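Each chain is listed here by its residues.
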Amino acid sequence: MKKLVLSLSVLAVLGLQATDINTNMQTMRDGLLEIQDGFLYNNKDAVVAGIKKIEKANEIFHSKEAVEKYLPKEKKKMAGVTLLSAKRLNSDLEAMNAYISDNKMLEAAEIHSDVMKDCTRCHAIVRGW
């Protein structure tokens, strides 16, 4: 009986971790969509709100150890590269925010493509593209 309870506890924790990363990735996607809609509909507030969503979701990738926690076992050796992508994402989001503050929408939109590249770099590692 104790083994069953322990096994269920471990599975629950592992399930929560998977849910956390899935929820986190959905939040990042929602932020990207909000940014894109903000550019398409000339809504700076939406762009800024999308940036904040992505920044908040990206907080979980604050160290190599934190990144390793979410990588598949065979990809853990790539944690440093993945962490670099997370840091690059933060930098690009800061730059986009600065351009928005200066009312330089074209420059901010150009940074949006860099944000997409940051996301894709990490996904390339995790998904083995």
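This text follows the structure it describes.
Described in the following lines is the structure provided in the data block. All values reported here derive from a predicted model rather than from experimental measurement.

**Section: the overall build of the protein chain**
Of the regular secondary structure elements, the protein chain holds five helices and zero strands. Its helices and strands in sequence order give the protein chain the pattern α-α-α-α-α, from N to C terminus. Considering the protein chain as a whole, with its 129 residues, one finds that 31% of them fall into the buried category. Restricting the contact set of the protein chain to residue pairs at least 6 apart, pairs at least 24 apart contribute 56%. If you sum the accessible surface of the protein chain, you get close to 8,300 Å²; carbon and sulfur atoms cover 58% of it.

**What to know about unusual backbone geometry**
Phi at Asn42 is positive, roughly 55 degrees, even though this residue is not glycine. Position of Asn42 among the secondary structure elements: in the loop between α1 (2–40) and α2 (44–58). For Asn42, a relative accessible area of 64% translates into the label exposed. Unusually for a residue other than glycine, Asn103 sits at a positive phi of about 60 degrees. By the secondary structure assignment, Asn103 is in the loop between α4 (79–101) and α5 (105–127).

Conventions and cut-offs
Residues numbered from 1 in each chain as written. Predicted model: local features only at pLDDT ≥ 70, side-chain atom pairs only at ≥ 80, totals over all residues. Heavy atoms only, no water. Helix = DSSP H or I, 4+ residues; strand = E, 2+ residues; numbered from the N terminus. Buried < 20%, exposed > 50% of the residue type's maximum accessible area, 1.4 Å probe, protein only. Contact = heavy atoms within 4.5 Å. Areas by Shrake-Rupley, 256 points an atom, 1.4 Å probe, with all protein chains shown as cover.

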